Amino acid sequence: MFNKLRLLTPGPTPLPEEVRLALARDMIHHRKQAFREIMARVQKGLQTLFGTKHVVLPLSASGSGAMTAAVYSLFAQDEKVLVVEGGKFGERWTSIAKMRGLRPVVLSVPWGQAVRPEDLEQALRQDQEIRGVLVQVSETSTGVLHPVQELAKICQEHDVLLVADGISAVGISPCPMDAWGIDCLLTGSQKGLMLPPGLALIALSERAWARCNVLDPGCFYFNLPAERKKLEKHETHFTTAVNLICGLEESLKILLAEGLEAIYKKQWALTMLARAGARALGLELLAREHYTWGLTSVRLPEGVDGLKLLQIAQEQFGVCLAGGQDQLKGRIVRIGHMGWVDWGDVLAGLYALDRSLVAASGFSGARDYLEQAMAAYQAALAGVPGEVPANVFVRS
Ligand SMILES: *Cc1c(COP(=O)(O)O)cnc(C)c1O
């Protein structure tokens, strides 16, 4: 079928034209003035995006590279860290920590639920050896938003570093690093930042730098103090992904011209749209209370072949949705609505979901689900009291 391809996955995400054009520019040298000027502007934009006065280091790697850099830079062999494990990306923290020779203590959370701050508090009180807490701001495999602001406060009280994987949160929902007291915030380029994969960004707090500066980095490539030193000259330690940095300048321009508050509000409204539409279709949502703003995870009715459904949505409607991972494989659909995605795209996603559900199983819900979805979107944009969570307008 001749359709426009709509990439509605939680990364990679579609790219705005300005970004694509910037990526297509000819190469410039990463140790010359023209590049340094771009890096200086990008750095200012990144600090606004992260809500921090500290440097935000670009690393040429996917998001997991920044996760690796964080673990290796902040903890030494045999140290204990607590990992909040409520999905695939939580598990990744544990794997990296083991690789570094740390002793990870797992705080297990049922997939689809957020960690309870009191459980973290208790774990830290019971085990004084824990030096850091590793968590996702948004656990992309389930669509859950963890209460990072509260977790960070608890970590401050216990003098423990809070390391937050914000890969599907930065530029999507509020996560101001300094205001919330996050010690390490990181993200990747292919989610909220409207860029191709390949760039990771990481920032450290004062006390995280103090730790990092005295530790052996443990690997050759991810050396944050060396990166920081180069960044003072608006350069990177190694040859960076020059064209991604040029694209980043454009995407930051778009995000900051719109304003972060407006971006968060749009993300919130899209989330309301997707959730209302899925509910009207008679589908259950996986993340019920604490849900992220960049994707919506929908449970499929018993007996529906999730993989077949994704195939129909792609082949007949040009809509690329994501499925579940591991224990959720074939059982959920994840509608990504982060980055360069708007209401029209999400409506297309809902329509493709409905039609492929009918084709795959005969299951169908309310006929006016698109209207219900749009009504929820409009109400969210209009700021119906009680609907918009207080932290939508957190300032950095
Ligand atoms: C996408 C994602 C990752 C993985 O990033 P890669 O770029 O694939 O390495 C890690 N954590 C979260 C929360 C993500 O959404």
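Residues numbered from 1 in each chain as written. Predicted model: local features only at pLDDT ≥ 70, side-chain atom pairs only at ≥ 80, totals over all residues. Heavy atoms only, no water.

**Examining the packing of helix 2 (residues 33-50) against helix 10 (residues 242-258)**
Describing two packed helices takes the angle between their axes plus the distance from one axis to the other. Using the following cut-off: Interaxial angle, 0 to 180 degrees, is taken between N-to-C directions of lines fitted to C-alpha atoms, where a helix line uses only the stretch in contact. Strands are runs of DSSP state E lasting at least two residues, helices are runs of H or I lasting at least four, and both sets are numbered from the N terminus onward. Angles below 35 degrees are treated as roughly parallel, those above 145 as roughly antiparallel, those between 65 and 115 as roughly perpendicular, and all remaining angles as oblique. Handedness of a helix crossing follows the sense of rotation of the near helix relative to the far helix, less than a right angle counterclockwise being left-handed and clockwise being right-handed. The contact criterion used is simple: two residues touch if any of their non-hydrogen atoms lie within 4.5 Å.
It is the contact of helix 2 with helix 10, at a shortest axis distance of 9 Å, that shows an interaxial angle of 45°. Regarding the angle of helix 2 to helix 10, the classification is oblique. Helix-helix and strand crossings are classified by hand; for helix 2 and helix 10 the assignment is left-handed. Each of Phe35, Ile38, Met39, Arg41, Val42, Gly45, Leu46, Thr48 and Leu49 in helix 2 lies in contact with helix 10, whose residues at this interface are Val242, Ile245, Cys246, Leu248, Glu249, Leu252, Leu255 and Leu256.

**Re the domain arrangement of the protein chain**
Applicable threshold: In this entry, domain limits derive from an automatic or database-based domain assignment. Accessible area, probed at 1.4 Å, shrinks when two parts are joined; the buried area is that loss added up over both. Throughout this description, the term salt bridge denotes a Lys or Arg side-chain nitrogen within 4 Å of a carboxyl oxygen of Asp or Glu. Polar contact is the term for a pair of N or O atoms within 3.5 Å; when the atoms are in protein, one must be able to donate a hydrogen and the other to accept it, and sequence-neighboring residues count only if both atoms are side-chain atoms.
The domain boundaries assigned to the protein chain delineate domain 1 (6-12 + 259-381) and domain 2 (17-257). For domain 1 and domain 2, the distance between their C-alpha centroids amounts to 27 Å. Facing 27 residues of domain 1, the contacting portion of domain 2 comprises 28 residues. Surface buried jointly by domain 1 and domain 2 totals about 2,300 Å² across both partners, of which 64% is contributed by carbon and sulfur atoms. Looking at the side of domain 1 facing domain 2, the largest losses of area belong to Leu260, Tyr264 and Gln325, adding up to 21% of the total buried there. At the surface where domain 1 touches domain 2, the tally comes to one salt bridge. Note that Lys88 is salt-bridged to Asp326, the shortest N-O span being 3.1 Å. In this structure, the connection of domain 1 to domain 2 is made through eight residue pairs in polar contact (both at pLDDT 80 or more).

**Description of the pairing of strand 5 (residues 130-136)**
The condition is simple: Relative accessibility decides the category of a residue: with a 1.4 Å probe and only protein chains considered, values under 20% of the type maximum give buried, values over 50% give exposed, and everything between is partly exposed. In this description, strands pair whenever DSSP reports at least two bridges between them.
Summarising burial for strand 5: six of the seven residues are buried, a large majority. As defined by bridge partners, strand 3 (residues 80-85) adjoins strand 5 across four bridges and the pair is classed as parallel. Within strand 5, the residue paired with Val81 across the bridge is Gly132. In this structure, strand 5 lies alongside strand 8 (residues 161-165), joined through five bridges in parallel fashion. Counted as the bridge partner of Gly132 is Leu161 from strand 8.

**A short note on the environment of Gly318**
Mapped onto the secondary structure, Gly318 falls in the loop between helix 12 (306-317) and strand 12 (319-320). When near neighbours in sequence (up to four residues on either side) are disregarded, Gly318 contacts Asn3, Lys4, Leu5, Arg6 and Ala313.

**Overview of the environment of Tyr369**
One can find Tyr369 in helix 14 (residues 369-382). For Tyr369, a relative accessible area of 2% corresponds to the buried category. Measuring from C-alpha to C-alpha, the distance between Tyr369 and Leu7 comes to 21 Å, with 362 residues separating the pair along the chain. Sequence-distant contacts of Tyr369, that is, excluding residues within four places in its chain, are made with Gly277, Ala280, Leu281, Leu350, Tyr351 and Asp354. Engagement of the side chain of Tyr369 in a polar contact is seen with the side chain of Asp354, the distance being 3.3 Å.

**Thoughts on the sheet that holds strand 8**
With mixed pairing, seven strands are arranged side by side in an open sheet as 2-10-9-8-5-3-4. Two strands bound the open sheet, and with one partner strand each, they are strand 2 (56-60) and strand 4 (103-108). Each strand axis lies, on average, 20° off the axis of its neighbour in the sheet, ignoring direction.

**Notes on the packing of aromatic side chains**
Under the convention used in this document: Between 30 and 60 degrees the pair is tilted, below 30 it is stacked and above 60 it is edge-to-face, where a pair is any two Phe, Tyr or Trp rings, Trp via its six-membered ring, whose centres lie within 6.5 Å. Whether a charge lies above a ring is judged from NZ of Lys or CZ of Arg, which has to be within 6 Å of the ring centre and within 35 degrees of the ring normal.
Enumeration over the complete set of coordinates arrives at six aromatic pairs. Ring geometry for Phe317 against Tyr351: centres 5.9 Å apart, planes inclined by 85°, an arrangement best described as edge-to-face. One end of the pair, Phe317, is in helix 12; the other, Tyr351, is in helix 13 (residues 343-361), with 34 residues separating them in the sequence. Judged by relative accessible area, which is 38%, Tyr351 ranks as partly exposed. Every member of this aromatic cluster is reached through a ring pair, and the members are Phe220, Tyr221, Phe222 and Phe238. Cation over ring: Arg228 sits above Trp209, and NZ or CZ is 4.4 Å from the ring centre. The ring of Tyr291 carries the charged tip of Arg275 above its face, separated from the ring centre by 3.5 Å.

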